Amino acid sequence: MMDDPDADLVGGIASGDPDAMRRIVMAKLPRILLVATRMLGDKGEAEDVAQETFLRIWKHAGSWRQGRAKFDTWAHRVALNLCYDRLRRRREILVAEAPEMVDQGPLPDAGLLDDMSGERVQRALQSLAPRQREAIILVYYQDMSNRDAAEVMQIKVDALESLLARGRRTLRAMLNGEET
Amino acid sequence: MTEKKAAPVDRETFRALVDAYGSSPHRWPEAIRDPAVSFMETEEGRALAADAAQLDAILFRLQPPVPPAGLAAGILADGETWRTRRQRFRRWAISAGLVGIGLAGGLTGAVAVAVITPPPALSINGTMTAFGELQFDSELTQETP
């Protein structure tokens, strides 16, 4: 059985321990919010996703079984699925309003990498294909190991590496003002 | 590059490694980390790592979002609502279970009594009752001294 550092906390939530609930919110909310913010690029939507993720944690803590997947992996998958629901809805709205190709070319204000604001980096991230973005978020911002990130994404490590490399290449090109 | 064996790292492998994982050895797969760190000390390795480090630094210009105070409170309030609802449901389920057990017990008892108790043996002449055989007035008269 895999060793899950969150197992005791999840057991506490399942038995209705308010202290366990507080501790899991303190530990996981910043991580879940970060994933959602980077995936969606929208603070309000990211907060909604974080809240919905925790609703599912409250509901399913009792049925979560140690050994199938780490709790952190499961929580990330839930948050990412909620992000994808919102991205799909956005795409449906976009398609309904005006068909448009995703532009992966350089950003209008692309230039020297030295002169890069956080806002521009966020815009560049948003221009990536969602799976590439997801891989970069998990490995770089969540500091997950390649195995954990691949497990969250339900892919093999090779596929994760390919997504990371393509994502980084595209980001570099967009930020540097090169054509992809 | 996947964690299969710690083969010596050449330029192409190192390039593929930093292309995917960036320049920080702590992100590199454990199985390849040591030979890759050795390669990074070469001139080619330094150049490739420096190039990847540039993008790493840019990625970390993004500040992590700070959860607003109200968000954690709202999440905990949801959790409290859910906890209360679940406790109420458990109490209800226990009460319903007890009532169910009581009803099932009563029913089982009734069935058991019906099965165990032998039916009254009635005579085929139709004069037997649960209290004994019916006697006719003429028989009663004969028995009287």
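Conventions adopted
- Residues numbered from 1 in each chain as written.
- Chains lettered and ligands numbered in written order.
- Predicted model: local features only at pLDDT ≥ 70, side-chain atom pairs only at ≥ 80, totals over all residues.
- Heavy atoms only, no water.
- Axes fitted to C-alpha atoms, helices over the stretch in contact; angles between N-to-C directions.
- Helix = DSSP H or I, 4+ residues; strand = E, 2+ residues; numbered from the N terminus.
- Parallel < 35°, antiparallel > 145°, perpendicular 65-115°, else oblique.
- Left-handed = near helix turned anticlockwise from the far one by under 90°.
- Contact = heavy atoms within 4.5 Å.
- Nonpolar A, V, L, I, M, F, W, Y, C, P; charged D, E, K, R; others polar.
- Expected span 1.5 Å × (residues − 1).
- Buried < 20%, exposed > 50% of the residue type's maximum accessible area, 1.4 Å probe, protein only.
- Buried area = accessible area lost by both parts, 1.4 Å probe.
- Salt bridge = Lys/Arg side-chain N within 4 Å of Asp/Glu carboxyl O.
- Polar contact = N/O pair within 3.5 Å; in protein donor to acceptor, adjacent residues only side chain to side chain.
- Domains from an automatic or database assignment.
- Patch = residues over 30% accessible without salt bridge, like charges linked within 9 Å, V, L, I, M, F, W, Y side chains within 5 Å.
- Areas by Shrake-Rupley, 256 points an atom, 1.4 Å probe, with all protein chains shown as cover.
- Lys, Arg positive; Asp, Glu negative; His and termini not counted.
- Charge placed at Lys NZ, Arg CZ, Asp CG, Glu CD.

Time to look at the packing of helix α2 (residues 18-40) of chain A against helix α3 (residues 43-60) of chain A. All names here are of chain A. Remark: α2 packs on α3, axes separated minimally by 8 Å, with the N-to-C direction vectors making an angle of 140°. In terms of orientation, α2 lies oblique with respect to α3. The handedness of the crossing between α2 and α3 comes out as right-handed. Listed contacts from α3 to Met21, Ile24, Val25, Lys28, Leu29, Ile32, Leu33, Ala36, Thr37 and Leu40 of α2 are Glu45, Ala46, Glu47, Val49, Ala50, Thr53, Phe54 and Trp58. Looking at the contact of α2 with α3, its residues break down into 13 nonpolar, 2 polar and 3 charged.

This part takes up helix α4 (residues 69-116) of chain B. Between the first and last C-alpha of α4(B) there are 69 Å, a value that for 48 residues agrees with the 70 Å anticipated at 1.5 Å per step. Of all the residues in α4(B), the buried ones are B:Leu71, B:Ala72, B:Ile75, B:Gly79, B:Arg83 and B:Arg86. Check the buried side of α4(B) and you find it contacts α1 (7-14), α2 and α3 of chain A.

On to helix α6 (residues 130-141) of chain A, then. Helical geometry note: an α-helix holds 3.6 residues per turn, so side chains three or four residues apart project in the same direction. Residue and element names in this part refer to chain A. A large share of α6 lies buried, amounting to 10 of its 12 residues. Among the residues of α6, Gln132, Arg133, Glu134, Ala135, Ile136, Ile137, Leu138, Val139, Tyr140 and Tyr141 are the ones counted as buried. The positive-phi residue at the C-terminal boundary of α6 is Asp143, with phi of around 55°.

Here the focus is the interface of chain A and chain B. Each side of the interface is counted separately: chain A has 46 residues, and chain B has 40 residues. Summed over both partners, the interface of chain A with chain B buries about 3,900 Å², with 62% contributed by carbon and sulfur atoms. When the area that chain A buries against chain B is broken down by residue, the three leading residues are A:Trp58, A:Tyr140 and A:Arg168, summing to 17%. For the interface between chain A and chain B, the tally reads 3 salt bridges. Here A:Asp143 and B:Arg27 are joined by a salt bridge, their closest N and O atoms 3.7 Å apart. The interface formed by chain A and chain B holds 17 residue pairs in polar contact (both at pLDDT 80 or more) in total. Elements with a minimum of two residues in the side of chain A that touches chain B: α1, α2, α3, α5 (118-127), α6, α7 (146-153) and α8 (157-176) of chain A. With 11 residues, α2(A) is the single largest residue contributor to the side of chain A that touches chain B.

All names here are of chain A. Of note in the backbone geometry, Asp143 takes a positive phi value of approximately 55° without being a glycine. As for its placement among the helices and strands, Asp143 is situated in the loop between α6 and α7. In this structure, Gln154 is a non-glycine residue whose phi angle is positive, near 55°. Turning to its location among the elements, Gln154 is positioned in the loop between α7 and α8.

Residue and element names in this part refer to chain A. Split by domain assignment, chain A resolves into domain 1 (1-92) and domain 2 (117-180). Placing a centre on the C-alpha atoms of domain 1 and another on those of domain 2 gives a separation of 21 Å. Contacts between the two partners involve 19 residues from domain 1, matched on the other side by 17 residues from domain 2. The interface formed by domain 1 and domain 2 holds 2 salt bridges in total.

Let us look at the environment of B:Ala104. In this structure, B:Ala104 sits in helix α4. The sequence separation of B:Ala104 and B:Glu30 amounts to 74 residues, and the corresponding C-alpha distance is 61 Å.

This part takes up a positive patch on the surface. Taken together, A:Arg56, A:Lys59, B:Arg85, B:Arg88 and B:Arg91 make up a surface patch of like positive charges. If you list the elements that add at least two residues to the positive patch, you get α3 of chain A together with α4 of chain B. It is α4(B) that provides the largest number of residues to the positive patch, a total of 3 residues. Tracing the sequence through the fold places B:Arg91 in helix α4.

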